[in-house]
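Now for the letters of each chain:
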Amino acid sequence: MLKIQAEAQVPTDYGNFRMIAFSEDESNWMPHMAIIAENTDFSQPVNVRFHSECITGEVFHSKKCECGQQLDGAMKFIHENGGIIIYLRQEGRNIGIINKLKAYSLQERGFDTVEANLKLGLPADDRDFSEAIQILNILGVKEINLLTNNPAKIKIVENSNIHLNKRIPLQITSTSDSEGYLKVKKDYFGHLLEDENES
Ligand SMILES: Nc1nc2c(ncn2[C@@H]2O[C@H](COP(=O)(O)OP(=O)(O)OP(=O)(O)O)[C@@H](O)[C@H]2O)c(=O)[nH]1
Ligand SMILES: [Zn+2]
């Protein structure tokens, strides 16, 4: 079972957030995180983003995906409207950074994001969001508005003890570098993305 290991107030470019680290034991150096805006009203449906780690996109500003922009967009939204980002250590849809870079290397040879995972003998998406639900329960959240385009995340919440009030889309404009990745998300994973393009 996850437990709160530590928490503190942290000022950021997007305002102040309470940052909480969750893991089963203190020796875990990659705990999941909850980033909570100061103005969050727990008596109303809480704006929540389940965000899977992407070091290439968030730290190194890779153009292959939109994870960095989604995280920044979610921080801005949550600072303005209240809410929580649950930052999950699920790098590469939970295959880890080594396998993700192996998959990227296959993508250089023409495989798409799903085919590359399958070629490595790995699932296209190895995430379950049960730990995110556990974290919401630890925080005492009962009802949420979920910031996502991913129908799998919606289903997980619908099948949990957390009530889903509504979905809030979190769409980033595609570029020529990310358009293949976004097309696979839409066609294979059924992501709720509008058609639009920008080069
Ligand atoms: N295996 C693999 N993982 C990737 C690839 N590109 C991005 N990721 C990972 O995908 C995860 C982001 O999840 P997405 O499926 O893009 O988006 P989502 O969070 O499920 O859906 P939204 O809530 O709509 O953003 C992060 O963990 C990234 O590291 C890739 O080409 N291969
Ligand atoms: Zn990414």
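In the nomenclature of an unreviewed UniProt entry, the protein corresponds to GTP cyclohydrolase-2 from the organism Kaistella yananensis. Taken directly from UniProt, the Catalytic activity (unreviewed entry) text for the protein runs: "GTP + 4 H2O = 2,5-diamino-6-hydroxy-4-(5-phosphoribosylamino)-pyrimidine + formate + 2 phosphate + 3 H(+)". Its UniProt record gives the protein a comment under Function (unreviewed entry), which states: "Catalyzes the conversion of GTP to 2,5-diamino-6-ribosylamino-4(3H)-pyrimidinone 5'-phosphate (DARP), formate and pyrophosphate."

> Now, about the UniProt feature "binding site: Zn(2+)" (unreviewed entry) in the protein: what can you tell me, with residues and values included?
The positions that UniProt labels "binding site: Zn(2+)" (unreviewed entry) are, in the present scheme, Cys54, Cys65 and Cys67. If we ignore the near neighbours within four places in the chain, the residues touching cysteine 54 are Cys65, Cys67 and Glu91. Those residues in contact with cysteine 65 that sit more than four places away from it in its chain are Cys54, Gly57, Ser178 and Tyr181.

> So, the UniProt feature "binding site: GTP" (unreviewed entry) in the protein: which residues are in play, and what are the values?
In this numbering, the UniProt entry assigns the feature "binding site: GTP" (unreviewed entry) to Arg49, Phe50, His51, Ser52, Glu53, Gln70, Glu91, Gly92, Arg93, Thr113, Thr148 and Lys153. Of the residues just listed, which span 105 residues, the most distant C-alpha pair is 22.9 Å apart, and they do not cluster in one region. Summarising the element assignment, serine 52 is placed in strand β4 (residues 46-52). On the basis of neighbour counts, which here come to 22 C-beta atoms within 10 Å, the residue serine 52 falls in the buried class. Residues in contact with serine 52, not counting those within four places in the same chain, are Leu88, Gln90, Arg93 and Arg127. Classification of lysine 153 as buried rests on a count of 21 C-beta atoms within 10 Å. Every residue in contact with lysine 153, bar those within four places of it in the chain, is listed here: Phe50, Phe129, Leu146 and Thr148.

> Quick rundown of the site of ligand 1? Include the residues and the values.
Near ligand 1 you find 23 residues, and of these Ser52, Cys54, Thr148, Asn149 and Asn150 are the closest. Element by element, the count of residues in the shell around ligand 1 is highest for helix α3 (residues 91-94), at three residues. Across the shell around ligand 1, the residue classes break down as seven nonpolar, ten polar and six charged.

> Requested: an account of helix α2 (residues 67-81), with residues and values cited.
An ideal rise of 1.5 Å per residue puts 21 Å on 15 residues; α2 measures up with 21 Å between its terminal C-alpha atoms. Those residues of α2 that sit buried are Gln70, Leu71, Ala74, Met75 and Ile78. Buried residues of α2 fall within an arc of 135° about the axis and therefore sit on the same side. Those residues of α2 that are buried are in contact with β1 (3-12), β3 (32-37), β4, α1 (55-58), β5 (84-88) and β6 (143-147).

> Tell me about the sheet that holds strand β7 (residues 163-168), residues and numbers included.
Spatial ordering of the open sheet is given by β1-β2-β3-β5-β4-β6-β7, a layout of seven strands whose pairing is mixed. Of all the strands in the sheet, the pair left with one neighbour each is β1 and β7. Here the strands of the sheet are splayed against their neighbours by 25° on average, with no regard to which way each runs. Bridge count between β1 and strand β2 (residues 15-23): nine bridges; the pairing is antiparallel. Across the sheet, residue lysine 3 finds its bridge partner in β2, namely serine 23.

> Explain unusual backbone geometry to me, and be specific about the residues and the numbers.
Not every positive phi belongs to a glycine, and histidine 61 is a case in point at roughly 60°. Tracing the backbone shows histidine 61 in the loop between α1 and α2. Look at asparagine 94: it is not a glycine, yet its phi comes out positive at around 75°. A tally of 18 C-beta atoms within 10 Å means that asparagine 94 is categorised as partly exposed.

Criteria and thresholds
Residue numbers restart at each chain and count upward from 1, following the sequence in its written direction. Working convention: letters from A go to chains and numbers from 1 go to ligands, in the order in which they are written. Reporting in this predicted model follows two pLDDT cut-offs: at least 70 for local features of residues, and 80 or more for side-chain atom pairs to be given and counted; totals over whole chains, interfaces and linings ignore these cut-offs and use all residues. UniProt positions are given in the numbering used here, feature names are shortened, and annotations may be inferred rather than shown by experiment. Think of it this way: build a C-beta for each residue from its backbone, and any pair within 7 Å is a contact. Secondary structure elements are taken from DSSP: a helix is a run of H or I of four residues or more, a strand is a run of E of two residues or more, and numbering for both begins at the N terminus. With C-beta atoms placed from the backbone, the exposure class of a residue follows from how many other C-beta atoms lie within 10 Å of its own: 20 or more, buried; 12 or fewer, exposed; in between, partly exposed. We count a residue as near a molecule or strand when its backbone-placed C-beta atom lies within 6 Å of that partner. Amino acid classes used here: Ala, Val, Leu, Ile, Met, Phe, Trp, Tyr, Cys and Pro are nonpolar; Asp, Glu, Lys and Arg are charged; the rest, including Gly, are polar. Expected helix span is given by 1.5 Å per residue-to-residue step, counting one fewer step than there are residues. Each direction from the helix axis to a C-beta atom contributes to the arc, which is the arc of those directions. At least two bridges found by DSSP between two strands are what make those strands a pair. Only the stretch in contact is used when a helix axis is fitted, and all axes are lines through C-alpha atoms; the angle between N-to-C directions ranges over 0 to 180 degrees.

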